[in-house]
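Below are the chains, spelled out letter by letter.
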Amino acid sequence: MNMRKNFDISAYLVVGPENTLGRPVADVIRAAVENGFTCLQIRSKTASARELIALCREAADVLRELGKSDEVVLLVNDRLDVALAAREAGIKVDGIHVGQSDIPAAVCRKYLGEEAVIGLSARTNELLDYVRHADTSAIDYFGAGPLHETPTKKDCGRDAEGHVITRSFAELTELHRISPVPVVVGGGVKARDLPALRKTGVDGFFVVSAVAGADDPAAAARELVKTWQSATRS
């Protein structure tokens, strides 16, 4: 299955061991996927390369057990070395998600191949400029935000007073309008945000703590997916 031609970023979970309140990452992934999540990104700033590869294996195993290997995209955050090593170990990793200061998307495309899914994230104002002026041929989707201040993303842009610069629905509407690829939005997203977020036309939402840090990850995932699916897209 060529996941690049068949990926869905409408309900996107970013997860690592530091986000799960001590629960196994695989258990949180299972709860999310069983309740409608369509994309997974393994992200950790504390795990070693070997630990990240092990997490990729656990995630891929969950997807296989659920019969979702060809439906739910499995991505690695930032670490091209981890994505390549996981593939070398026979783990079905579908691609990578990078930021503008990480390994260039074109380099990721070169090493991961034409069927890999490659996402690029940046603060929304930077993406607006990037979309207008840059070659986006190596990129399959954009990750934008933050919608709200969030403790899981400490490198958000800040103003002169040190306050996190969040993004308006108007900015996201404009990004959707000019983007040649799908757009997924995150950064403190909650279920109550999803009706307004979907009206911007973007293709999905991504969350970390809203599922991984929830008391009941399955119930939280179910509410998010149901709210998104029932919302009206402009």
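Residues numbered from 1 in each chain as written. Predicted model: local features only at pLDDT ≥ 70, side-chain atom pairs only at ≥ 80, totals over all residues. Heavy atoms only, no water.

**Digging into the packing of aromatic side chains**
Logical step 1: Across all of its chains, the model carries six aromatic pairs by this definition.
Logical step 2: Relative to Tyr-141, the ring of Phe-7 lies with its centre 6.3 Å away and its plane at 50 degrees, an arrangement referred to as tilted. With Phe-7 in the segment before strand E1 (11–15) and Tyr-141 in strand E6 (residues 141–145), the pair connects residues that are 134 residues apart, well separated along the chain.
Logical step 3: Ring pairing ties together the aromatic residues Phe-7, Tyr-12, Tyr-141 and Phe-206, which thus form one cluster. (Phe/Tyr/Trp six-rings, centres within 6.5 Å; stacked < 30°, edge-to-face > 60°. Helix = DSSP H or I, 4+ residues; strand = E, 2+ residues; numbered from the N terminus.)

**Quick look at the environment of Val-207**
Logical step 1: Looking at where Val-207 falls in the secondary structure, it is placed in strand E8 (residues 204–207).
Logical step 2: Take Val-207: its relative accessible area is 3%, and that puts it in the buried class.
Logical step 3: With 18 residues separating them along the chain, Val-207 and Val-189 place their C-alpha atoms 6.3 Å apart.
Logical step 4: Dropping the residues within four chain positions of it, Val-207 is found in contact with Tyr-12, Leu-13, Val-14, Phe-37, Val-189 and Leu-224. (Buried < 20%, exposed > 50% of the residue type's maximum accessible area, 1.4 Å probe, protein only. Contact = heavy atoms within 4.5 Å.)

**Some remarks on the confidence of the model for the protein chain**
Logical step 1: On average, residues of the protein chain score 91 in pLDDT, and 91% of them reach the 70 mark or higher.
Logical step 2: Note that residues 152–164 has pLDDT below 50 and, in this model, 20 contacts with residues that lie over four places away or in other chains. (pLDDT = per-residue confidence, 0-100.)

**A look at the pairing of strand E4 (residues 95–99)**
Logical step 1: Among the five residues that make up E4, five are buried, leaving the element largely enclosed by the rest of the structure.
Logical step 2: Going residue by residue along E4, you find Gly-95, His-97 and Gly-99 tucked away on one face and Ile-96 and Val-98 tucked away on the opposite face as well.
Logical step 3: Where strand E3 (residues 73–77) meets E4, three bridges bridge the pair, whose relative direction is parallel. Each residue of the ladder has a partner; that of Asn-77, found in E4, is His-97. (Pairing = 2+ DSSP bridges.)

**Quick notes on the sheet that holds E4**
Logical step 1: Strands sit in the order E1-E2-E3-E4-E5-E6-E7-E8 around a closed barrel of eight strands; the barrel is parallel. Here the average twist between neighbouring strands, direction ignored, is 25 degrees.
Logical step 2: Across the face of the sheet, helix H1 (residues 25–34) comes into contact with E1 and strand E2 (39–42) while running at roughly 175 degrees to E1. (Axes fitted to C-alpha atoms, helices over the stretch in contact; angles between N-to-C directions.)

**Re the nonpolar core**
Logical step 1: Judged by nonpolar contacts, the single largest core of 66 residues is most densely connected at Phe-37 and Phe-205.
Logical step 2: The leading source of residues in this core is helix H2 (residues 49–65), at eight residues.
Logical step 3: In this structure Phe-205 touches Ile-9, Ser-10, Ala-11, Tyr-12, Phe-37, Val-184, Val-185, Val-189, Leu-194, Leu-197, Leu-224 and Trp-228, once residues within four positions along its chain are discounted. (Core = buried A, V, L, I, M, F, W, Y, C linked by side-chain atoms within 4.5 Å.)

**What about a nonpolar patch on the surface?**
Logical step 1: Together, Leu-84, Ile-103, Val-107 and Tyr-111 make up a nonpolar patch on the protein surface, roughly 310 Å² of accessible area in all.
Logical step 2: For Ile-103, a relative accessible area of 33% corresponds to the partly exposed category. (Patch = residues over 30% accessible without salt bridge, like charges linked within 9 Å, V, L, I, M, F, W, Y side chains within 5 Å. Areas by Shrake-Rupley, 256 points an atom, 1.4 Å probe, with all protein chains shown as cover. Salt bridge = Lys/Arg side-chain N within 4 Å of Asp/Glu carboxyl O.)

**Quick look at the packing of helix H5 (residues 124–133) against helix H6 (residues 169–178)**
Any two packed helices are characterised by how steeply their axes cross, that is the angle between the axes, and by the distance between the axes.
Logical step 1: At a minimum axis distance of 10 Å, the contact between H5 and H6 shows a crossing angle of 20 degrees. Between H5 and H6, the interaxial angle falls into the category roughly parallel. Seen from above, H5 lies across H6 with left-handed handedness. Contact residues: H5 offers Thr-124, Leu-127, Leu-128, Val-131 and Arg-132, while H6 offers Glu-171, Leu-172, Glu-174, Leu-175 and Ile-178. (Parallel < 35°, antiparallel > 145°, perpendicular 65-115°, else oblique. Left-handed = near helix turned anticlockwise from the far one by under 90°.)

**Re the pattern of salt bridges**
Logical step 1: Under the counting rule described, the total for this entry stands at eleven salt bridges.
Logical step 2: Between Arg-109 and Asp-140 there is a salt bridge whose closest N-O contact spans 2.9 Å. In this pair, Arg-109 sits in helix H4 (residues 105–112) while Asp-140 sits in the loop between H5 and E6, placing the two residues 31 residues apart along the sequence. Asp-140 carries the same exposure label as Arg-109, and that label is buried.
Logical step 3: Of the charged contacts in the structure, one is a salt bridge between Arg-177 and Glu-174, with a shortest N-O distance of 2.9 Å. Taken together, the residues span about one helical turn, with Arg-177 and Glu-174 both in helix H6 at a distance of three residues.
Logical step 4: Judged by relative accessible area, Glu-174 falls into the partly exposed class, the value being 23%.
Logical step 5: Bridged by salt links that share partners, the residues Arg-4, Arg-109, Glu-114 and Asp-140 form one connected network.

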